[in-house]
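Architecture at a glance
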Amino acid sequence: MEKLVERIKEQGNVLDEGVLKVDAFLTHQVDPQLMKEIGHTFADVFKDKGITKVVTIEASGIAPALYTAEALAVPMIFARKAKSLTMDEELLTASVYSFTKQVTSQVSISKKFLSQDDTVLIIDDFLANGQAAKGLIELCQQAGATVVGIGIVIEKSFQSGRALLENMDIPVVSLARIASLTHGEAAFLEGDA
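**Concerning the overall build of the protein chain**
When helices and strands are counted, the protein chain shows 5 helices and 10 strands. Against the globule reference of 16 Å for 193 residues, the protein chain gives a C-alpha radius of gyration of 16 Å, in line with a compact fold. Each principal axis of the C-alpha atoms in the protein chain carries an extent, and together these give about 50 × 35 × 30 Å. Taken over 193 residues, the protein chain has a buried fraction of 48%. Across the protein chain, contacts joining residues at least 24 apart in sequence account for 60% of those joining residues at least 6 apart. Total accessible area computed for the protein chain in this model is approximately 9,300 Å², and 47% of it derives from carbon and sulfur atoms. In the protein chain, 18 side chains carry a positive charge and 26 a negative one; their mean positions are 4 Å apart.

If you want it as structure tokens, here you go:
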């Protein structure tokens, strides 16, 4: 997606060889028009997969996931990183390691929102080592749901996440694929859509 790559080039900030900051349009401040275009792109790619739910993890995956769900006319569920007082029902839980934050979180989704009747598309903001997506896949599997694809806004292709997910036989579609983050610049591979 050329528009996304251009925004990364214009407003992305390479903090080191493993970290790209895109807080001007995705991870802190959100550009709703760009997120809507991203959501529609994912919806177009996966429209024939019979998707009944879009699943993401809080917080930066919510905007692109919501627009994807809107375009597909299905509900969007986000896995919570912290249990709230109102989550008193049975939960699906998984451990997820965050590359950027260097912490492991327990994420959860209420069992009442995901079942064996669901066909799921996972959407996330970044793909690095694949642990967030893997945790979401585990939550879906606990519910008996079928994951038919993973949509990634920005993939750090120099890390192992894509291989991990493809080894699970789940198609990965990344809109911006970064080959490297060196000398303060992002070098790109061709995106999947």
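**Quick word on helix 4 (residues 131–143)**
Taking 1.5 Å of rise per residue, 13 residues should cover 18 Å, and helix 4 covers 19 Å from first to last C-alpha, within 8% of that figure. Taken together, the buried positions of helix 4 are occupied by Ala132, Ala133, Gly135, Leu136, Ile137, Leu139, Cys140 and Ala143. Gly144 sits one or two positions beyond helix 4 and adopts a positive phi of about 85 degrees.

**Focus on the pairing of strand 3 (residues 53–57)**
Across a regular strand the side chains alternate sides, sitting on one face of the sheet and then on the other. In terms of burial, strand 3 is a largely internal element, 5 of the 5 residues being buried. Summarising the sheet, strand 3 and strand 4 (residues 76–79) pair through 4 bridges and their orientation is parallel. Each bridged residue has a counterpart across the sheet, and for Thr56 the counterpart in strand 4 is Phe78. After leaving strand 3, the chain enters helix 3 (residues 62–72) and then returns to the sheet as strand 4, a path that is right-handed.

**Some thoughts on helix 2 (residues 32–46)**
The terminal C-alpha atoms of helix 2 lie 21 Å apart, and with 15 residues this matches the ideal 21 Å at 1.5 Å per residue to within 8%. Inspection of helix 2 places Leu34, Met35, Ile38, Gly39, Thr41, Phe42, Ala43 and Phe46 among the buried residues, and these make up the whole buried set. Lining the buried residues of helix 2 we find helix 1 (2–11), helix 3, strand 7 (119–127), strand 8 (146–156) and strand 9 (172–182). Where helix 2 begins, the capping side chain belongs to Asp31, and its oxygen is found 3.0 Å from the backbone nitrogen of Gln33.

**Quick notes on the pairing of strand 7**
The element strand 7 is largely enclosed, with a buried count of 9 among its 9 residues. In the sheet, strand 3 pairs with strand 7 via 3 bridges, with the strands oriented parallel. What sits directly across from Val54, in strand 7, is Leu121. In the sheet, strand 7 pairs with strand 8 via 8 bridges, with the strands oriented parallel. Each residue of the ladder has a partner; that of Val120, found in strand 8, is Val147. For the segment spanning strand 7, helix 4 and strand 8, crossover handedness is right-handed.

**Details of the sheet that holds strand 3**
Strand order in the open sheet formed by 6 strands is 4-3-7-8-9-10, and the pairing between neighbours is mixed. The open sheet terminates on both sides in strands that have one partner only, identified here as strand 4 and strand 10 (185–189). The sheet shows a mean angle of 30 degrees between the axes of neighbouring strands, taken without regard to direction. In this structure, strand 8 lies alongside strand 9, joined through 6 bridges in parallel fashion. By the bridge assignment for strand 9, Glu155 is matched with Arg177.

**As for the nonpolar core**
One finds Leu4, Leu20, Ile38 and Ile154 to be the most contacted residues of the largest nonpolar core, which totals 33 residues. Of all the elements in the fold, those that place two or more residues in this core are helix 1, helix 2, helix 3, strand 7, strand 8 and strand 9. For this core, the element with the most residues is helix 2, which contributes 6 residues. In this structure, Leu114, Leu127, Cys140 and Ile150 belong to the second largest nonpolar core, which totals 27 residues.

Thresholds applied
- Residues numbered from 1 in each chain as written.
- Predicted model: local features only at pLDDT ≥ 70, side-chain atom pairs only at ≥ 80, totals over all residues.
- Heavy atoms only, no water.
- Helix = DSSP H or I, 4+ residues; strand = E, 2+ residues; numbered from the N terminus.
- Rg over C-alpha atoms; globule rule 2.2 N^0.38 Å.
- Buried < 20%, exposed > 50% of the residue type's maximum accessible area, 1.4 Å probe, protein only.
- Contact = heavy atoms within 4.5 Å.
- Areas by Shrake-Rupley, 256 points an atom, 1.4 Å probe, with all protein chains shown as cover.
- Lys, Arg positive; Asp, Glu negative; His and termini not counted.
- Charge placed at Lys NZ, Arg CZ, Asp CG, Glu CD.
- Expected span 1.5 Å × (residues − 1).
- Pairing = 2+ DSSP bridges.
- Right-handed = clockwise from strand over helix to strand, strands pointing away.
- Polar contact = N/O pair within 3.5 Å; in protein donor to acceptor, adjacent residues only side chain to side chain.
- Axes fitted to C-alpha atoms, helices over the stretch in contact; angles between N-to-C directions.
- Core = buried A, V, L, I, M, F, W, Y, C linked by side-chain atoms within 4.5 Å.

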